[in-house]
Amino acid sequence: MNKKSLYINMPKKIYIRTFGCQMSLRDSEFVAGLLLDDGFTLANSIAGADIILFNSCSVRKHAEDRLISNISDLKLLKKKRPDIVIGLMGCTAQAYKDKILDRLPILDFSCGPGNESDIPKIIKDIMENRCGIVATDKINDKRPEIFPEYRQDRFRAYVSIGEGCNNFCSYCIVPYTRGRERFREIKDILKEVKDLAKRGFKEIMLLGQNVNSYMNPSRNLTAYSSKPTAKKSDFVRLLEALNAVKGIERIRFMTSHPKDASADLFKAMRDLEKVCEHLHLPLQAGSNRILKLMNRGYSAEKYLKLAGEYKKYVPEGSITTDIIVGFPSETREDFGNTVKMVEGVGFDGAYMFKYSPRPPAKSVKLKDDVGQKEKEDRLNILLNLQREISLNRNKLLNGKAVEVLVCDLHKKDNNVLTGRTRTNKVVVLGGSSDMISKFVNVKIESVTPHALRGRIV
Ligand code: SAH
Ligand code: SF4
Ligand code: F3S
């Protein structure tokens, strides 16, 4: 349907600023796609835009504060150009619901993740009636199976396999912003991926807050598995189905939850040739007492066993993690257990954060009693340790040849490219822009904690 006529004489250029995780990036891309299909165009900067959208993240206080100050910075612009539409989408919109328009009166609308497919209509309503709109009622709805053509990248695509989270880790706001867990049908995911393959996409990244709890809603599984056995999880069957899609060469996924991951996943990573050997398995803490307070559903011992199993099945694979320091009541001894885990597992990389209370997440009831300075010290200890471990892990690749998908030109030098190994490590190599989107074999000649450097062989 061509709806372009709807927007004649109306503001046309849209700019979206994204905060948050891959889900949030995918949502921005989706909304941009909807708006492009409706006749809008994309602006390169806030200055050139008629509609400014902030896609928000509330996972840590720092992220939220930055967002709020970025929006507040537009006060002057809005005064000069009252016709501009400023909207909020994403997790912060859902977290604050109606209250956000009181806190940020320059917003014309605020729209939660579940309502995002209504954004073109919301914008049209604003342009016609100029009154604030809050749309957060669809937090638990299944998203419509609509796929605008627009994608940020030409050969790598995010594919959401579901929404929401039922885990209620005590520190985490996500179940309150993304609602209850609900998944898409294998057949629908397969259709999206086949379409992407036809358009020349080579790599897909499957997204979910906890991909290991994936369940095909219709329970119709046998059609998607050559050798159906009771032991295989639905997620593994999904991987098997996607592995058969012609044209797709790499399949990635995140996030895996340690309480639901098991050997069948690692076997699939070993056996399915397109599934990349990278596991993101958030640990969060190494002390069993803290893990319990966090409501994570596993012990340090279980995590170690799982990581050991992964390494047994996928010995060349990489493993990365997330860690929170300074959770309420975390003692130096508790923290020492996290340090031991980091040393014991040998992560290739880790995202590490200082705890911040996120109401209405349950942990706000616990006193945030680890001081800022202490949190910072603990974070620095871990960052330094991890840097050394990442370096040692990368050194194992020195002199080896690895398959690299060339992704970008280097930001600072047009004769240098960056790419990714199957294990998701960044590789810096010499070459020209026509190699972007191609697979090449690279011999690694030097390494840093965050990247490998090499030449094509
Ligand atoms: N679904 C994913 C992660 C979602 S949020 C999972 O289960 O792992 C990404 C990361 O942010 C989390 O893994 C956690 O390490 C961090 N995080 C979440 N809430 C936080 C909080 N209140 N303070 C600090 N870090 C937090
Ligand atoms: Fe948050 Fe836990 Fe769900 Fe991850 S699994 S999104 S950390 S509640
Ligand atoms: Fe992602 Fe942030 Fe929401 S991490 S799920 S955008 S709170």
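As the structure is a computational prediction, the values presented were derived from the model and not from experiment. (Residues numbered from 1 in each chain as written. Chains lettered and ligands numbered in written order. Predicted model: local features only at pLDDT ≥ 70, side-chain atom pairs only at ≥ 80, totals over all residues. Heavy atoms only, no water.)

Some thoughts on helix α12 (residues 300–313)
Look at α12: 20 Å from first C-alpha to last across 14 residues, which is about the 20 Å you get at 1.5 Å a residue. For α12, every residue scored as buried is listed here: Ala300, Tyr303, Leu306, Ala307, Tyr310 and Tyr313. Here the buried residues of α12 occupy an arc of 160° about the axis, which is enough to place them on one side. Across from the buried face of α12, at angles greater than 90 degrees, the exposed residues are Lys305 and Lys312. Those residues of α12 that are buried lie in contact with α10 (263–271), β12 (278–280), α11 (288–293), β13 (318–325) and α13 (332–345). (Helix = DSSP H or I, 4+ residues; strand = E, 2+ residues; numbered from the N terminus. Expected span 1.5 Å × (residues − 1). Buried < 20%, exposed > 50% of the residue type's maximum accessible area, 1.4 Å probe, protein only. Arc of directions from axis to C-beta. Contact = heavy atoms within 4.5 Å.)

Here we look at the packing of α10 against α12
Relative orientation of the contacting elements α10 and α12 amounts to 25°, with a least axis distance of 9 Å. On the basis of the axis angle, α10 is roughly parallel to α12. Helix-helix and strand crossings are classified by hand; for α10 and α12 the assignment is right-handed. Across the interface between the two elements, Ala263, Phe266, Lys267, Met269 and Arg270 of α10 pack against Leu306, Glu309, Tyr310 and Tyr313 of α12. Tallied by class, the residues present in the contact of α10 with α12 amount to six nonpolar, no polar and three charged. (Axes fitted to C-alpha atoms, helices over the stretch in contact; angles between N-to-C directions. Parallel < 35°, antiparallel > 145°, perpendicular 65-115°, else oblique. Left-handed = near helix turned anticlockwise from the far one by under 90°. Nonpolar A, V, L, I, M, F, W, Y, C, P; charged D, E, K, R; others polar.)

Quick word on the site of ligand 3
Inspection of the region around ligand 3 gives Cys21, Ser24, Ser56, Cys57, Ser58, Val59, Cys91, Val174, Arg178 and Gln209 as its neighbouring residues. Per-class residue counts for the shell around ligand 3 are five nonpolar, four polar and one charged. Structurally, the shell around ligand 3 is a two-domain feature, drawing no fewer than three residues from each of domain 1 (3–135) and domain 2 (156–395). (Near = heavy atom within 4 Å. Domains from an automatic or database assignment.)

Topic: the site of ligand 2
Taken together, Cys165, Asn167, Phe168, Cys169, Tyr171, Cys172, Val174, Pro175, Gln209, His257 and Arg296 make up the full set of residues near ligand 2. Classifying every residue of the shell around ligand 2 by side-chain character gives seven nonpolar, three polar and one charged.

A word on the pairing of strand β19 (residues 452–456)
Sheet analysis places strand β17 (residues 426–430) next to β19, joined by three bridges and oriented parallel. Counted as the bridge partner of Leu429 is Gly454 from β19. The antiparallel hairpin formed by strand β18 (residues 439–447) and β19 contains four residues in its connecting segment. (Pairing = 2+ DSSP bridges.)

A closer look at the nonpolar core
Ranked by internal contacts, the top residues of the largest apolar core, which has 69 residues, are Leu206, Phe235, Phe253 and Tyr303. Residues contacting Leu206, with those up to four places away along its chain left out, are Val159, Ile161, Val211, Phe235, Leu238, Leu239, Leu242, Ile251, Arg252, Phe253 and Met254. (Core = buried A, V, L, I, M, F, W, Y, C linked by side-chain atoms within 4.5 Å.)

Focus on helix α8 (residues 186–198)
Spanning 13 residues, α8 covers 18 Å between terminal C-alpha atoms, matching the ideal 18 Å at 1.5 Å per step. As for α8, its buried residues are in contact with α1 (22–37), β7 (156–160), β10 (203–207) and α9 (234–243). One or two residues past the end of α8 sits Gly200, with phi positive at roughly 100°.

Describing the environment of Thr18
With respect to the helices and strands, the residue Thr18 is situated in strand β1 (residues 13–18). Distance from Thr18 to Val370, taken between C-alpha atoms, is 31 Å for residues 352 residues apart in sequence. Beyond its immediate chain neighbours, meaning those up to four positions away, Thr18 contacts Ser24, Leu25, Ser28 and Asn55. Within polar-contact distance, the side chain of Thr18 engages the side chain of Ser28 at 2.7 Å. (Polar contact = N/O pair within 3.5 Å; in protein donor to acceptor, adjacent residues only side chain to side chain.)

Details of the domain arrangement of the chain
Under the domain assignment, the chain is made up of domain 1 (3–135), domain 2 (156–395) and domain 3 (401–456). Taking the mean C-alpha position of each, domain 2 and domain 3 sit 25 Å from one another. At the junction of the two partners, domain 2 supplies 22 residues and domain 3 supplies 20 residues. Across the contact surface, domain 2 and domain 3 share three salt bridges. Note that Glu403 and Arg250 form a salt bridge whose closest N and O atoms lie 2.9 Å from each other. Summed over the shared surface of domain 2 and domain 3, the number is 13 residue pairs in polar contact (both at pLDDT 80 or more). By residue number, the principal contributor to the side of domain 2 that touches domain 3 is helix α14 (residues 372–395), which donates six residues. (Salt bridge = Lys/Arg side-chain N within 4 Å of Asp/Glu carboxyl O.)

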